[in-house]
Number of protein chains: 2
Amino acid sequence: MINVAVNGYGVIGRRIADVVLLQPDMKLAGITKVRPDYKANSAFRKGYKIYGTDEKSRKTLSDAGIAVKGVIKDLVSEADVVVDASPEEAGSQNISLYKQLSKKAVFQGGEEQDIAGLSFVAQCNYERALGRQFVRVVSCNTTGLCRVLHSLDENFGVSKANVVIARRATDPDDSSKGPIDSIVLDPATVPSHHGPDVNSVLPNIPIVTMAFKVPTTHMHLHSLMISTREHTTRDKVIETLERTNRVMLVDGKGGFKSTSNIIDLAREMGRPRNDIYESVIWRDSVSVIDNEVYLFMAIHQEAIVTPENIDAIRALVGETGKSESMDTTNKTLGIRT
Amino acid sequence: MINVAVNGYGVIGRRIADVVLLQPDMKLAGITKVRPDYKANSAFRKGYKIYGTDEKSRKTLSDAGIAVKGVIKDLVSEADVVVDASPEEAGSQNISLYKQLSKKAVFQGGEEQDIAGLSFVAQCNYERALGRQFVRVVSCNTTGLCRVLHSLDENFGVSKANVVIARRATDPDDSSKGPIDSIVLDPATVPSHHGPDVNSVLPNIPIVTMAFKVPTTHMHLHSLMISTREHTTRDKVIETLERTNRVMLVDGKGGFKSTSNIIDLAREMGRPRNDIYESVIWRDSVSVIDNEVYLFMAIHQEAIVTPENIDAIRALVGETGKSESMDTTNKTLGIRT
């Protein structure tokens, strides 16, 4: 059994902790928390072992009646692999602890590209992560794009990808951020960071991305315009996407008019926290015009990297092959293949 | 003096009526209204001659204390040119009255493309409208795109344009529509109607558009990706846009982070109703990567067709040349050239 520590219990950490427990080859060493909020209480009620991120947070948690097992160093010492789901760019401080204790660790997309020496999307480069000490799961948008671009590239050759990303403003639990009633360029310059981030996984695909924020909490929306080396057709693209791992196709005519319909589907499916792990593509939108492929894709920013984190853990341990790991992850998460 | 009737006093009609009065060569015959709402009262207080759209609305307005001069037929009879700013697709019913009374008329972009036999954007095809009986000013998005694509095509040759349009959900005065907290594909299929509509003005530019609605009332946001026949540079594109009529460049560094900053600029400028008549382009966003031009553009959906309507009136009358008309319109509306 792989003993997994989850450092950080926010948007990603909460999901990883729950999903680790669904894996037949993993157990959860524990999680870290800073504050005794409802998320800490929820973890406590689930019976998770809770550690403070430092002595101060250990005391704060303890004073609030939450049994604390120790601090982060105690947790990491016990684990085989740490999933670092700490706040953006905190991973670069934590890495020295993992190095000191000779532990393997999975970082998230909010960290610098070079923190781990390898950016990871399971179906694109699982093998390259085998046995490594560190790996960085890329961000939600990059993960979603890599799955689709990698598949189209393998099948038709991608000579150029332009992608416009309408980003959700913030997550549903965050009432502190905007915008309201405004579209915010993010950034005003071209390209946004997403294109170069895709290239950290798929270095040979020329890609330019433009991004802006819109007032919604439900999913990012990508508009893809892809030139292929090989002539293709709408039917061939759809057939390729249908057999691409962790890609789900939906139909406008089937009631999927918007990003909120996708999240509503997750609720109907009984998915935990409404999670959509798949890159969601509107079948209606898939078009081939003058040798360019057009499509709309939605990305659930909170959930899509969950399966990648699980596969990354197995890749680091190095005892499970790509297909076996992805199949197990898919099966335990209810991802249809 | 050109005697102008404005049929409809909604988003566009209100603006046209006010702006007709600023023209040295025009006078306002009157406007039509259906209901005695605050807009009718505002027109009444401004001293505009008000006509019912039919006998019923004449009575309703009159009963509410608004002096009514007659019905639509009386108004049209008096006018030289009618600006049909009636609700979407009502123009196709009104056209028989204009024909019966042998009047010239300007229709809006909500009508069928072929209603008038010519789709109009002043700087693209003013001359073709000279002396015609009817013309159709195209929609806000099409108007904004045509200005920019026409200019880039004249200067560098546009071999292909891909445009992603993030549409504002509805106008600021409309509390009945959504979406809230959702991105709605509009439509889920590709292309949206905007590309073909651009081709009704500029038939030789290959263009594909994708569109969706986002929860904001302030402006549409366009992401343009344009391939040019001639090699170009960022500086050349910016220099071209700077001398393109009715295009305004803004800078992210100057505080323009979002569409709502543009509307706030209009308020600072003292523009009536916060109106932005120009296609607004972020200078920061203008990039040339691998022979493609990238840029972000914002379109004030309520206001951008105002100058086009005024020029269309003059073109139909046929006594004023393109430059003279556009210069007069720009000067009276405060559009810098």
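Residues numbered from 1 in each chain as written. Chains lettered and ligands numbered in written order. Predicted model: local features only at pLDDT ≥ 70, side-chain atom pairs only at ≥ 80, totals over all residues.

## A look at the nonpolar core
(1) Moving on: If you look at the biggest cluster of nonpolar residues, it comprises 213 residues, and the most contacted ones within it are Val4, Val106 and Leu149 of chain A together with Val4, Val106 and Leu149 of chain B.
(2) Moving on: With near-sequence residues (within four places) excluded, Val106 of chain B lies in contact with Val81, Val83, Asp84, Val135, Val137, Asn309, Ala312, Ile313 and Leu316 of chain B. (Core = buried A, V, L, I, M, F, W, Y, C linked by C-beta atoms within 7 Å. Buried ≥ 20, exposed ≤ 12 C-beta atoms within 10 Å, placed from the backbone. Contact = placed C-beta atoms within 7 Å.)

## What about the relation of the copies chain B and chain A?
(1) Moving on: Of the two same-sequence chains, chain B is brought onto chain A (RMSD 0.0 Å, axial shift 0.0 Å) by a rotation of 180°. With respect to symmetry, the two chain copies, as superposed, fit the operation of a two-fold axis. Closest approach to the rotation axis among the C-alpha atoms of chain B is made by Pro215 of chain B, whose C-alpha sits 2.9 Å away.
(2) Moving on: Counting the interface residues of chain B, we find that 100% of their copies in chain A are interface residues as well, pointing to one common contact surface. (Least-squares fit on C-alpha atoms with pLDDT ≥ 70 in both.)

## Regarding the confidence of the model for chain A
(1) Moving on: With 100% of its residues at a pLDDT of 70 or more, chain A has an overall mean of 97.
(2) Moving on: In the model output, the complex is listed with pTM 0.95 alongside ipTM 0.93. (pLDDT = per-residue confidence, 0-100.)

## As for the sheet that holds strand E6 (residues 104-107) of chain A
Two modes of strand pairing occur in sheets, parallel and antiparallel, and in both the strands are linked by backbone hydrogen bonds.
All names here are of chain A.
(1) Moving on: In space, the eight strands of this open sheet follow the order E4-E3-E2-E1-E5-E6-E8-E7, with parallel pairing throughout. Only two strands of the sheet have a single partner each, and these edge strands are strand E4 (70-71) and strand E7 (119-120).
(2) Moving on: Across two bridges, E7 lies against strand E8 (residues 134-137) in parallel orientation. Bridging across to E8, Phe120 finds its partner in Val137.
(3) Moving on: Across the face of the sheet, helix H1 (residues 11-20) comes into contact with strand E1 (2-7), strand E2 (26-33) and strand E5 (81-84) while running at roughly 155° to E2.
(4) Moving on: Strand contacts of helix H5 (residues 91-100): E1, E5 and E6, with the helix running at about 170° to E5, the strand carrying the most contacts. (Pairing = 2+ DSSP bridges. Helix = DSSP H or I, 4+ residues; strand = E, 2+ residues; numbered from the N terminus. Axes fitted to C-alpha atoms, helices over the stretch in contact; angles between N-to-C directions.)

## Notes on helix H10 (residues 259-268) of chain A
Note that an α-helix has 3.6 residues per turn; residues three or four places apart therefore point the same way.
Residues and elements named next belong to chain A.
(1) Moving on: All of the buried residues along H10 are Thr259, Ser260, Ile262 and Ile263. With its buried residues spanning 155° around the axis, H10 presents them on a single face.
(2) Moving on: Buried residues along H10 sit in contact with strand E12 (220-228), strand E13 (247-250), strand E14 (279-282) and strand E16 (292-299).
(3) Moving on: At the C-terminal side of H10, Gly270 shows a positive phi close to 75°. (Arc of directions from axis to C-beta.)

## Details of the packing of helix H11 (residues 306-317) of chain B against helix H12 (residues 322-333) of chain B
Residue and element names in this part refer to chain B.
(1) Moving on: One way to put it is that H11 packs onto H12 with a least axis distance of 9 Å and a crossing angle of 140°. Taken together, the axis directions place H11 and H12 in an arrangement best described as oblique. As H11 packs across H12, the resulting crossing turns out to be right-handed. Contact with H11, carried on its side by Thr306, Pro307, Ile310, Asp311, Arg314 and Ala315, involves Ser325, Met326, Thr329, Asn330 and Leu333 of H12 and no other residues of that element. (Parallel < 35°, antiparallel > 145°, perpendicular 65-115°, else oblique. Left-handed = near helix turned anticlockwise from the far one by under 90°.)

## Considerations on the domain arrangement of chain A
Residue and element names in this part refer to chain A.
(1) Moving on: Segmenting chain A into domains produces domain 1 (2-138 + 305-333) and domain 2 (140-299).
(2) Moving on: A C-alpha centroid distance of 26 Å is found between domain 1 and domain 2.
(3) Moving on: If you look at the interface, domain 1 gives 17 residues, while domain 2 gives 17 residues.
(4) Moving on: Elements with a contribution of two residues or more to the side of domain 1 that touches domain 2: H1, helix H6 (122-129), helix H11 (306-317) and helix H12 (322-333).
(5) Moving on: When the residues that make up the side of domain 1 that touches domain 2 are grouped by side-chain class, the tally is eight nonpolar, six polar and three charged. (Domains from an automatic or database assignment. Nonpolar A, V, L, I, M, F, W, Y, C, P; charged D, E, K, R; others polar.)

## A few points about the pairing of strand E1 (residues 2-7) of chain B
Residues and elements named next belong to chain B.
(1) Moving on: As defined by bridge partners, E1 adjoins strand E2 (residues 26-33) across five bridges and the pair is classed as parallel. Counted as the bridge partner of Asn3 is Lys27 from E2.
(2) Moving on: By the bridge criterion, four bridges tie E1 to strand E5 (residues 81-84) in an arrangement that is parallel. Residue pairing for E5: Val4 is matched across the bridge by Val81.

## Looking at the environment of Leu118 of chain B
Residue and element names in this part refer to chain B.
(1) Moving on: With respect to the helices and strands, the residue Leu118 is situated in the loop between strand E6 (104-107) and strand E7 (119-120).
(2) Moving on: Overall, the presence of 18 C-beta atoms within 10 Å leaves Leu118 in the partly exposed class.
(3) Moving on: Between the C-alpha atoms of Leu118 and Arg45, which are 73 residues apart in sequence, the distance is 36 Å.
(4) Moving on: Filtering out sequence-adjacent residues up to four positions away, Leu118 remains in contact with Arg128, Ala129, Arg132, Val135 and Arg136.

## Quick notes on the sheet that holds E6 of chain B
(1) Moving on: An order of E4-E3-E2-E1-E5-E6-E8-E7 (chain B) is seen for the eight strands of this open sheet, with the pairing classed as parallel. Across the chains shown, the open sheet's two edge strands, defined by having one partner strand only, are strand E4 (70-71) and E7 of chain B.

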